[in-house]
Amino acid sequence: MNISILSVTEQGKLISDKLYDLLIDDSTILSVNQYHKNVIKTVDEIFNNTDCIIGIMASGIMIRSIASHVDSKLSDPAILLIDDNANFVISLLSGHFGGANDLTLKIASLLNAQPVITTSTDVNNKIGIDSIAKRFYCNLENPKNIKYINKALVNSIKVDLHLPKSLDYILTDETYDSYNITFDDTLDVIIAKYDNHEVILHPKQMVMGIGARRDIASDKVKYAITQACNILKIPPSRINFFATADVKANEKGILINAEYYNKQIKIINMDDIKNFQDESCSESDFVMKQFGVKGVCEPSALIANGTNSRLIFKKTAYNGVTIAVSIKD
C-alpha cells in the first residue's frame, strides 16, 4: 500500500511526522509521502496515484478537496481523517474494498485514538462481501450486486456462501455469523448468493519471493514464511507458489519448505533480475556486492507473477531470510 499524508496546521504536521515514523517500517506499506498545505492542488495530483490519503484536518476541507474526484468504491483510494489533536481517526471513503476501515483501526491503534467507522455492515458486526474480497486479495465479479448482499447482511439475513475447502482460510467467526457456508470442491472461486443476486470472488495470484543466505537452516525459512503470512493475515496455503533466483535453486532450506508447504518454486534467471526495473523494489548493497543485482526476493516475486503484478509485502529480513509477496491484479 502507498500512503499519502496531508496536513494543514503545524500541529497536524507533527502528527504527520509521527505517523510517518510509525508506518515507514511496516512491511505492508510500500511508501509514505507527506504533504503540507495546498490540499486541493495536492489531492488533484495524487488522488488516482495513491492507495490511501490520510488528511489531518477538518472534514470540510477534505470533502471539498476530493468531491470532484470521487468515482467508484472499487477504484477510489481509501480516505481517512484525523483531527488536529489525534483524538479520532475517521474512515471517510472506500471503507471496504479500498481498505479504509481496516486501516482506520490500525492507525487509531498506533495513535491511541478513537476509530470512527460508519459502514452499516461493520456497525452491525457483519462482514461485507467486499470486505472479504479486500482482506483476502480477490477480484470481484458482478460488483453491482454487492449492495444486495450487504443489505441482506445488515438486515440479519444470512447470505449463502459457496467455496471449495481449499479457500476456507476466509472463514472467521464474523463469516459464520454473516453467511450460510457450503463447501463445493468443484469451485475455484467464492460465490455469495442472495435472492437471485450473486457476487463472485476470484482470488488473485499470490507469489512469495524468498532470498536466503547460503546453507540457511530450514526452520529459519519456515519462521520467515509464517511471520510474513501472519502480518498479511493469511495462511501459507493462500500463497500460490514460491519464487527465488537461480543462485538459490538448490538451497536446501528453501527446498524443504517448498515441499512442506506443497508449493512449486519458480526459479528466476539472474540476468532477468539484473535487467528488471520496478521502482517499488528496494536495493541491497550486500546483494549487489555478492551477486551483482539490487535484490532477490522482490524482483523474483514480481517476475514470477508476470505482468500487472505488484508488491503487497516489501522485502523484510528474518535472520538470514528475506521475504517479499506480490499479487497479480
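What counts, and at which threshold
Residues numbered from 1 in each chain as written. Predicted model: local features only at pLDDT ≥ 70, side-chain atom pairs only at ≥ 80, totals over all residues. Heavy atoms only, no water. Pairing = 2+ DSSP bridges. Helix = DSSP H or I, 4+ residues; strand = E, 2+ residues; numbered from the N terminus. Axes fitted to C-alpha atoms, helices over the stretch in contact; angles between N-to-C directions. Contact = heavy atoms within 4.5 Å. Parallel < 35°, antiparallel > 145°, perpendicular 65-115°, else oblique. Left-handed = near helix turned anticlockwise from the far one by under 90°. Nonpolar A, V, L, I, M, F, W, Y, C, P; charged D, E, K, R; others polar.

Draft legend 1. Local environment of the sheet that holds strand E12 (residues 206–212). An order of E14-E13-E12-E16-E15 is seen for the five strands of this open sheet, with the pairing classed as mixed. Strand pairing shows two members of the sheet lacking a second neighbour, strand E14 (265–268) and strand E15 (309–318), which therefore form its edges. Each strand of the sheet is rotated relative to its neighbour by a mean of 25°, with strand direction disregarded. As defined by bridge partners, E12 adjoins strand E13 (residues 241–245) across three bridges and the pair is classed as parallel. Looking at E13, one finds that Val207 is bridged to Phe241. Along the sheet face, helix H9 (residues 218–232) touches E12, E13, E15 and strand E16 (321–328) and points at about 130° away from the line of E15.

Draft legend 2. Region of interest: the packing of H9 against helix H10 (residues 252–260). Across the interface, H9 lies against H10 with an axial gap of 8 Å and an inter-helix angle of 55°. On the basis of the axis angle, H9 is oblique to H10. With respect to the hand of their crossing, H9 and H10 are arranged in right-handed fashion. Within the contact between the two elements, H9 uses Ser218, Val221, Lys222 and Ile225 and H10 uses Gly253, Ile254, Ile256, Asn257 and Tyr260. A class-by-class count of the residues in the contact of H9 with H10 yields five nonpolar, three polar and one charged.

Draft legend 3. View of the sheet that holds strand E8 (residues 159–163). Strand order in this open sheet of five strands is E7-E11-E10-E8-E9, and the pairing throughout is mixed. Edge strands, defined here as strands with exactly one partner in the open sheet, are strand E7 (138–141) and strand E9 (179–183). With strand direction ignored, the average angle separating the axes of adjacent strands in the sheet is 20°. Both E8 and E9 contribute to a ladder of five bridges, which runs parallel. Residue pairing across strands places Leu161 opposite Ile181, the latter belonging to E9. Of the strands in this sheet, E7, E8, E9, strand E10 (190–194) and strand E11 (197–203) are in contact with helix H7 (residues 146–154), which crosses E10 at around 70°.

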